[in-house]
Structure formats: C-alpha cells, structure tokens
Amino acid sequence: MCRTPTTAACGPSTVLKAIGLQRTGKQDEAYALAQEVAALEPTDDNSLQALTILYREMHRPELVTKLYEAAVKKVPNSEEYHSHLFMAYARVGEYKKMQQAGMALYKIVPKNPYYFWSVMSLIMQSISAQDENLSKTMFLPLAERMVEKMVKEDKIEAEAEVELYYMILERLEKYKEALDVVRGKLGEKLTSELQSRENKCMAMYKKLHRWPECNALARRLLLKNSDDWQFYITYFDSVFQLIDESWTPPAEEEHSLEGEVHCSIEQAVNFIEERITEESKSSRPLRGPYLAKLELIRRLRHRGCNDEYKLGDPEELMFQYFKKFGDKPCCFTDLKVFVDLLPPSQYTKFIRQLLDVIPLAAAAENEVALPGDIKALQQHLCVVQLSRLLGIYHAMEKKQKLAVVRELMLRYRHGLEFGKSCLKTELQFSDYYCLLAVHLLLDLWLEGEEAAVWQCLTLLEEGLSHSPSNAQFKLLLIRIYCRLGAFEPVSELYSSLDAKHIQHDTIGYLLTRYAGSLGHYTAASQSCNFALRFFHSNQKDTSEYIIQAYKYGAFEKIPEFIAFRNRLNSSLHFAQVRTERMLLDLLLEANISTSLEESIKSMSLSPEEDDIPWKDLRDNRDLTVLFSWDPKDRDISEEHRKLSLEEETLWLRIRSLTLRLVSGLPTLGHTIQPKNSEKTAENGVSSKIDTIRALLQQLEAAVDSGKKFLEQKIQYPVLGPPPTRMAGFFSNGSCQCQTSLFYLVSDIYELDTNGLEDSAEIQERIGNSFKSLVERLTDLFNKCKGDLIEVRDGTLKTHPNLLENLVFFVETISIALWVSSYCDSVLRPFKSNLQKKKKKKKESSVAMPPVFTHFLDYVTELQTLTSNVIDHIKGLEIILTALKLEELSLKDTLLLQEEKKFTKTVQGKVQSSYHHSVQEIGELLKKRLDTIKKLKI
C-alpha cells in the first residue's frame, strides 16, 4: 500500500483502507484518510467510486458532490462525471445546481434526456419553493418555455417528455393547453398505460367543468368496458351536474367533442338498463352494471328525486345481486355500501330471504344445516357478515349471543374440511366464522362477561393453528393480549406478520404503544429499533428512487417520492418512537452503565432544540387494519380519528418536554467558582436555567391541555385506536411527582447561585419539596399494590393498570435519582467548604445548614421506598410462579375438549408474560437502588 497517496494508483487502495476502518467503527480515522485522497481531487474512476461508497456509508452524501465538482473541473468534457455530479446533487436535493448540471451535460452531449433532467429540476425548484407566487411566475413558466422550444423544433421524442409537458401545464393551471397537448399529435405518444390519454382528458374536462365532454367520454368508455367503476362515478357526477345547470344539447351540431351526451335521469336509467341487458349476454358475469343501478338509486334518494321507482326496489335488487354473486368473497363488501337503502324494519326479513336461497344440507331436527360445498359456504358467510353489519347480533341477549358463537364455531370447524389441501400460506375458507365468533365474544366482554375474553384468545389460537398465515387472527391476538397486559406473546406474533416497509409506520403502533408500558424493556428497545431503522433508511432509499426515476424518465414519480419522504419524516409514529426510544435508553443506562451526561451527549440531545414538526405531524396509522363488521354507529368514525390524533399529540408533547427537561440537567453542572450574577451571565448557565424554567411552563400547559382532553371521557371502539398512557400518568400521581422534581431543580439552582448564607427560606422550601416528594412516591407505590392476576369465580382476571403503574414508578424514581445527583453535585462542594472552614477555625460547633439533613433524610427514605418496592416485586414473582392455572376449569360450558388445550396455552402465555414483566422491572429497580446508595454527600 502507498505511503502517501499522490497518484491515481495510490488513491483506491487508501480509500479501501478507509472503508475497512469505517466498517470496524473507526469513523474518525476513516474520514481523515478519505479527506487526504479527496484533497488530491482524483479523476480516476476507481478512487471516485470507492469514495462515493465510503461517503454513502458515512451518511455524508454532500461530500460526493464536492468530489465530482472537482473531477468535472479537471475533465470538463466527461459525460460520465457530469452525469455522476447531477445524481450527487439529486441525492442532497440541490435542485438549482441540478438544473445547471443538466444543461452543462446537454451542451456536451445534446441528448434529450439530459435537457429534460434540467426541466424537471426546475419543476422541483417550484415544488420546494416556499413562495407559491415565485413558483408560478418564475420556475414553472421557465420550464414551460424550455419544453415549448423543443416542441417548436420538433425534438420531442419520448412519452416521458410529453408527460413532463403535461405536468408543467397542469401545475400552471393551464388546463385548456394541457388538454390540447393530450388530444393533439403529442398525445399519441402516451401509450405505456392503459387509457392514459382518456384518463388525462377526463381529468382536464373535470378541472375545466366541461361536463358534456366528461359525460360523453365516460359513456363511451363504459360502452367499451361496462365493469369499470370509476367511469360510472364520473358518468353519474356529470349527469347530475348537467341537470343542475339545465344544459340542453345543441340542435344541429355535435353534442360535444367526445360525442353523444346524456343529460336527463331517463337517459341515465335507460343507459344502466342497457348495460345490464348487455351483461346478461356476456360469457363472464360483470358486477359493475348491477352495482351502478344501486348507486343511481342512492344518488336519486339523496337528491330527494321520486324517480328511483323506475329502477326497482333496492331490497329486491340486492337480493338478485346476492343470487348472482353471493358465492364471491367480494359480495359482502359490494353490498355493504348500499345497506343503508334498506329500511331497518326490513333487516330481519332481508336476511331470512337470503338464507332461504342458500343450498344447505338438510339436517336432523335441532341440528345446524351445513353447506355442502365452498360456494354455499361463501354464500352463508356473506349472510352472516351482513347480519353483523345490520346490527342483528348486537340486539341479541347474552344467551342468544353464546348460541350464535357456538353455531359459528361449529360451522368454522366443519368448513376446515374444504381446506384440507390448502397450503400453510393459504387461508382457510371458513376463517371468517371464527373471526365473527370472536367479535361476538368481545361484545360480551365489554358488557362485563370476564370469561369471554379468554375464550376469544382460545378461539383465535385455535384458528391460527389451522391457518398460520391469517394476519387478522394475529392482529386480533396482539390487540387482546395487549389489553390484558401480556406483551410477551405479541413480539412473536408481530414478527410473524412479516411487516414490510411502510407497514412499520402504519401498524407499528400496535407494538410500540405497549412494549415499554408493560415492562418489557428489551422488547421495547427492539421494537423501537425496528421502526427507527425503517425511518432512517427511508431517507437514503428515497434518494435512490429519485435517481432511478431520472435515469428512466419517470418524471411524474419524482414529486410522489418527495411527498412520500416528507410524509414519513412528519410521521407521528416516527416522532413517538424517537422520543420513547431516548427516554427508554436513559431509563436503562443513565447513571447505571454510563453517566446521564454521557448518555445525553451520545444522543445529541439538547434542551433548547425541538426537532418534532408539530404543525406538519401526519397520522399515518392504519386504524382499520382490523376487519370490522360493526354497524356505522359502533364502528370507528372520523371523529374518533381526530380525537385519537389529538390525544397522541398531547401525550407526545408531554413526553418530549420530559425528555428535554431531563437532557437539561447536566447543562446545569456545578462550577467550582463562587457564584455571582456576573459570572453566571458570562458562562451562560443562567440561560440554561431559563431554558429549564421555560420548558417547565410548557410542560404545565401541556398537562393542563391533557387533563381537559381527558375530561371528555372518550371511549374508542374496542378495535379502534388504543388510548395513550396519559390517563394513567395523571391518575396514579406520576405527573405531579415528575413536575415537582423539575421545580426542585429550579430551587436547587437558586440555592447554588445564592450560597448557603441568607438562604433559609430556599432551604426550607427544598426541605418541604423533599418531604412531599417522598409522600407522593409512596402514594404512587400504593397504587402499584395488588395481585396482577387473580382468580375470581373460577375466571382469571388480569390487572394491567398495576403493571403500567409499576412502570411509571420506575420511570419517576429514575428521574428522582437524576435530580438527586444534581442536588448532590451542588451540595457536595458546599459541605467540603464548610468542613474546611471548620478546620481553620478549629471549632466543633459550626452549625450545619438544614438542607444537608433534609437531603440525607430524603435519600434514606428513597432507599427504603425502593427496597420496599423491590420486596413487593419479589412477592409478585412468587405469587405468579405459584399460580397453578391448569387447575382452573373455566366454568363456561362452551369449551370443547380441543379448545381446552388452547385455553391452557393462552393462560400460560399471559402468566409467563406477567412474570417476565415483573422480572425486568425488578432487575432495573435493583440497579437504581445501587445508584441511590452512592448518593451520600
């Protein structure tokens, strides 16, 4: 290897060494070596490629741009280096420089793609411009002129270039010109997507409110394909727009650019009837025309028209639809949209009517009639789902519900016969029966039937054993185990879901909401890491997608990728996971394996900085990931979503402010010099305490908002968004404890500034704070007492709130210790100064200020309290170990022999999870107790 990198041959070997150092964790050495090579401004491909790889691994893409800027200066006519420079700018989003690099490339090698790279970079400048006016008066018109130049010179070659022209005109709101482009000669190049031209024309007609053309085009496309739902919607929209505008077709000319126009209800009714007649002749049954008829009835009813009778009775139409498509899994979701056309008094009759046409095998009296094939099973399943949707099951008594559960499980087990040849990755045909039975049991649980929740878990575990890939079984198990306070089985279930990419954001909340709050600290760390890895890699990956889009001319995708990246960066879940992860790391490490100061430094935390985009927070959670067949009034509503987002944001604000307040503690570090106002102003510590006090006011305000929110006593649906931990945080006293601790910091700082003389009042205030803190912590501990799992009337009952309270206790005692360490750092120098004075004066009676006694008493009481909690936890461990769940026979007669083994499994999992939680909490508290013992001034 070269001693000094002075030649092209030397560079690559040095960079390879740097890559080796980077990958073995020696980042600083790697960076120094890389900079040595970069300083020589290499132009050989090997050095440049190797440095690019290294900088990418260092997450320093901006250094790649400098590298190629130097290379391009030395080799100004290299197409390759110019192209690499353009892509390097793309990685860091330098759109202005991309535009210049694109034009420089085009001048060297006049190829169309390079020219349009430059045009696209102008569009990106317009998208990223803060000033919309600037975007529409400068960047977009310039881009338009650049493309028009190519159009006039007849140099447009590819579809991507036409797409780009269309995009510019659309953003400039020049819809008429955009329409002319699509309908003209250039539009002939739009061939890669099916109906690309028609879709673009339709979009422009809508923007221009040219309803006759909209209608005629939709009609023409439906004549081609009468199963394309989007065009039915456009057709109906345009018909009613034309009716509202009292539009009439011209007497002699063409109705519109696109042909004949329908502008009356009669024409619409006839058109739909014709489509149904046409459909009856086709070899493949099409759903579109039949659903369009129901859609038209719904719209007519909504408008208060009396013409719906012309189309027939909705109940009869839905019945006929069921006869035709009832054996298709989509039948339920198709009809779900239109059930509100039925009067509630007809629900039971309608369901009975559907049941009468299903060919179920004749059974003996009092026996359940079962389907003979998969088609009949699908039809029956559709009816059961509709019964749930129409609220028929909800209106039943407890006994009837239990009878329905029994029947559904019988049908589920019978249906397994049809799926014997299914692969493990395929779902069983009868899985929905099991899910519906579980939903009924959940209703019973909410009504106070404690045994029902255990049967839910039993049936789901049984279902999962037959259908190991059923995500719905897993998601429901996750939700129910978490509601019961058992996190251990959840980790395995979630990982078996094999969540991919964006799903870490949309369903990750199911995991991260409960892991830490139920005392599974290791699992919580892993689940946070999982999510954060995805969010961090998104930054890098999106840059690569953008580069590929430039390379292949998929220009319309570039703004989508940028929007996607922004959406993830503003994700509520991302902000939550980041905050909780840092709090968790401090909880597990600060003042145990590393000092609080080192932990905060390694996280680059600063109390002044708030990196959460509060105004742009996006709730990307998928709150409908769990199937629900509930009627509208019981299902998750838009209002629930808004309230959940508000609650999550309030809780995130409280957690973020807590984290920032903790991160401010080391900044107040005691300086040995005597305190006076001039010195403190100079060394900036006074501004640090101002920051702490300002944050404390913000925390108080956030807590007040949280309390006001909780006064609404919102109840989300059982399968809706999980509530935050905020209610427990307020009710168990953790909130009051934690805010008192931060106020204590302010008092200690004041004592530190003023000195021990003339500070009797502050010392008394601190002494009172110590006393009230011990009382509050003792109250919090009292709210942790009780059995985590108890057996009541032969039924198990778990108390997850006790577990959550214990977790809050551990967190609060940790904050108390960090604050105590700060007190210790302030009082220790005072004490040593007093002892020096004592020695000098040789007096034995130098009075010790009361604050020392207060602090020592406080530390002793903290130690005693923590020891008591550890003893309590040991007691809980013994009780949990001694609990013989197998001796429990759930009194419910519903349990069959095969269900009993699953019940045993379920109870074992819950018991083991609680045991695990208690162990982890106990271990952490023991470490905290060791740190308390070191607090002796």
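Residues numbered from 1 in each chain as written. Predicted model: local features only at pLDDT ≥ 70, side-chain atom pairs only at ≥ 80, totals over all residues. Heavy atoms only, no water.

A. Up close: the overall build of the protein. Broken down by element type, the protein carries 39 helices and 2 strands. The buried share of the protein, taken over its 937 residues, is 54%. The long-range share in the protein, meaning contacts at least 24 apart out of those at least 6 apart in sequence, stands at 73%. A total accessible area of about 43,100 Å² is found for the protein, and carbon and sulfur atoms account for 51% of it. One finds the centroid of the 120 positive side-chain charges in the protein at a distance of 4 Å from the centroid of its 131 negative side-chain charges. (Helix = DSSP H or I, 4+ residues; strand = E, 2+ residues; numbered from the N terminus. Buried < 20%, exposed > 50% of the residue type's maximum accessible area, 1.4 Å probe, protein only. Contact = heavy atoms within 4.5 Å. Areas by Shrake-Rupley, 256 points an atom, 1.4 Å probe, with all protein chains shown as cover. Lys, Arg positive; Asp, Glu negative; His and termini not counted. Charge placed at Lys NZ, Arg CZ, Asp CG, Glu CD.)

B. View of a negative patch on the surface. A cluster of acidic residues, Glu775, Asp779, Asp857 and Glu861, forms a negative patch on the protein surface. Listed by contribution, the elements that provide at least two residues to the negative patch are helix H36 (760-782) and helix H38 (850-882). Along the chain, Asp857 falls in helix H38. (Patch = residues over 30% accessible without salt bridge, like charges linked within 9 Å, V, L, I, M, F, W, Y side chains within 5 Å. Salt bridge = Lys/Arg side-chain N within 4 Å of Asp/Glu carboxyl O.)

C. Local environment of helix H27 (residues 521-551). With 31 residues, H27 should cover 45 Å at 1.5 Å per step; its first-to-last C-alpha distance of 45 Å lies within 8% of that length. Its maximal kink placed at Asn538, H27 deviates by approximately 35°. Gly553, located one to two residues past H27, shows a positive phi value of around 70°. (Expected span 1.5 Å × (residues − 1). Bend = angle between axes of the 7 residues up to and from the residue.)

D. Summary view of the pairing of strand S1 (residues 789-792). Bridge count between S1 and strand S2 (residues 795-798): 4 bridges; the pairing is antiparallel. Paired with Arg792 across the strands is Thr795, a residue of S2. Remark: 2 residues form the turn of the hairpin made by S1 and S2, two consecutive strands paired antiparallel; Asp793 in that turn has positive phi of roughly 50°. (Pairing = 2+ DSSP bridges.)

E. Just the side chain of Gln576, in detail. Examined against the element boundaries, Gln576 turns out to sit in helix H29 (residues 572-589). Assessed through its relative accessible area of 15%, Gln576 is described here as buried. In contact with Gln576, not counting residues within four places along its chain, are Glu648 and Leu652.

F. Molecular detail of the nonpolar core. Grouped together as the largest cluster of nonpolar side chains are 293 residues, with contacts concentrated most on Tyr550, Phe555, Phe809 and Tyr858. Element by element, the count of residues in this core is highest for helix H37 (residues 800-841), at 19 residues. Setting aside chain neighbours within four positions, we find Tyr550 in contact with Phe86, Met87, Met98, Trp117, Met120, Ser121, Met124, Phe555 and Ile558. Among the nonpolar cores identified, the runner-up in size contains 8 residues, and Cys528, Leu532, Leu568 and Phe574 belong to it. (Core = buried A, V, L, I, M, F, W, Y, C linked by side-chain atoms within 4.5 Å.)

G. Inspection of the packing of helix H3 (residues 45-57) against helix H5 (residues 79-92) at higher detail. Remark: H3 packs on H5, axes separated minimally by 13 Å, with the N-to-C direction vectors making an angle of 5°. Taken as axis vectors, H3 and H5 run roughly parallel relative to one another. From H3, Asp45, Leu48, Gln49 and Arg56 reach across to H5, where they touch Glu80, Tyr81, His84 and Arg91. Its residues assigned to classes, the contact of H3 with H5 shows 2 nonpolar, 2 polar and 4 charged. (Axes fitted to C-alpha atoms, helices over the stretch in contact; angles between N-to-C directions. Parallel < 35°, antiparallel > 145°, perpendicular 65-115°, else oblique. Nonpolar A, V, L, I, M, F, W, Y, C, P; charged D, E, K, R; others polar.)

H. Structural detail: the confidence of the model for the protein. Averaged over all residues, the pLDDT of the protein is 89; the fraction at 70 or higher stands at 94%. Low confidence marks residues 3-9, where pLDDT is under 50. Its contacts with residues over four positions away, or in another chain, come to 9 contacts. Low pLDDT (under 50) marks residues 890-894, which in the prediction has 14 contacts with non-local residues, meaning those over four places away or in another chain. (pLDDT = per-residue confidence, 0-100.)

I. Focus on helix H23 (residues 471-483). Given a rise of 1.5 Å per residue, 13 residues ought to cover 18 Å, and the 18 Å separating the end C-alpha atoms of H23 matches this to within 8%. In terms of residue burial, H23 counts as a mostly covered element, since 11 of its 13 residues are buried. Its side-chain oxygen placed 2.9 Å from the backbone nitrogen of Gln472, Asn470 serves as the N-cap of H23. Immediately downstream of H23, the backbone of Gly485 shows phi near 85°, a positive value. (Polar contact = N/O pair within 3.5 Å; in protein donor to acceptor, adjacent residues only side chain to side chain.)

J. Highlighting the pattern of salt bridges. In the structure shown here, the tally under the stated rule is 50 salt bridges. Across the pair Lys375 and Asp327 runs a salt bridge, and its minimum N-O distance is 3.6 Å. On the criterion of sequence distance, the pair formed by Lys375 in helix H19 (residues 374-389) and Asp327 in the loop between helix H16 (314-325) and helix H17 (330-336) is long-range, its members being 48 residues apart. Lys375 sits in the exposed class, given a relative accessible area of 54%. For Lys500, the salt bridge identified is with Asp498, shortest N-O distance 2.6 Å. Residue class for Asp498 comes out partly exposed when judged on its relative accessible area of 47%. One network of salt bridges, in which partners are shared, links Asp237, Glu295, Arg298 and Arg299.

K. A look at the packing of aromatic side chains. This structure, assessed with the given rule, holds 27 aromatic pairs. Note on Trp229 and Tyr232: the rings are 5.8 Å apart at their centroids and 50° apart in plane angle, and the pair reads as tilted. Within this pair, Trp229 and its partner Tyr232 are both found in helix H13 (residues 229-244), separated by 3 residues, close to a single helical turn. Take Trp229: its relative accessible area is 32%, and that puts it in the partly exposed class. Among the aromatic residues, those joined into a ring-pair cluster are Phe86, Tyr114, Trp117, Tyr550 and Phe555. When the ring centre of Tyr509 is taken as reference, the NZ or CZ atom of Arg621 above it lies at 5.7 Å. In this structure, Lys707 is placed above the aromatic ring of Phe730, and the distance from its NZ or CZ to the ring centre is 5.6 Å. (Phe/Tyr/Trp six-rings, centres within 6.5 Å; stacked < 30°, edge-to-face > 60°. Lys NZ or Arg CZ within 6 Å of the ring centre and 35° of its normal.)

L. Representation of the environment of Leu179 in the model. Within the secondary structure layout, Leu179 lies in helix H10 (residues 175-183). Taking C-alpha positions, Leu179 is 43 Å from Lys66, a pair spaced 113 residues apart along the chain. Excluding anything up to four places from it in sequence, Leu179 contacts Cys201, Met204, Tyr205, Leu208 and Arg210.

M. Quick peek at the packing of H27 against H29. Axis separation between H27 and H29 bottoms out at 9 Å; the angle between their running directions is 140°. Between H27 and H29, the interaxial angle falls into the category oblique. The hand of the H27/H29 crossing is left-handed. Across the interface between the two elements, Tyr521, Ala524, Ser525, Cys528, Asn529, Ala531, Leu532, Phe535 and His536 of H27 pack against His573, Phe574, Val577, Arg578, Arg581, Leu584, Leu587 and Leu588 of H29. Here the residues of the contact of H27 with H29 are counted per class, giving 11 nonpolar, 4 polar and 2 charged. (Left-handed = near helix turned anticlockwise from the far one by under 90°.)

N. Representation of unusual backbone geometry in the model. Here the phi dihedral of Glu173 falls at roughly 60°; this positive angle occurs in a residue that is not glycine. Among the structural elements, Glu173 can be located in the loop between helix H9 (159-171) and H10. With a phi close to 55°, Ser604 is a non-glycine residue in the positive phi region.

O. Local environment of the state of the cysteines. The final tally for this structure, using the stated rule, is 0 disulfides. For Cys456, which is in no disulfide, the shortest distance to another cysteine sulfur is to Cys434 and amounts to 9.6 Å. For Cys456, a relative accessible area of 0% gives the class buried. (Disulfide = S-S within 2.5 Å.)

P. Region of the structure containing the environment of Glu648. With respect to the secondary-structure elements, Glu648 resides in helix H31 (residues 638-664). A relative accessible area of 8% means that Glu648 is categorised as buried. Sequence spacing of Glu648 and Gly728 is 80 residues, and the spatial spacing of their C-alpha atoms is 14 Å. Sequence-distant contacts of Glu648, that is, excluding residues within four places in its chain, are made with Leu572, Gln576, Arg621, Pro722 and Thr724. Polar side-chain contacts of Glu648 include one of 3.4 Å to the side chain of Arg621.

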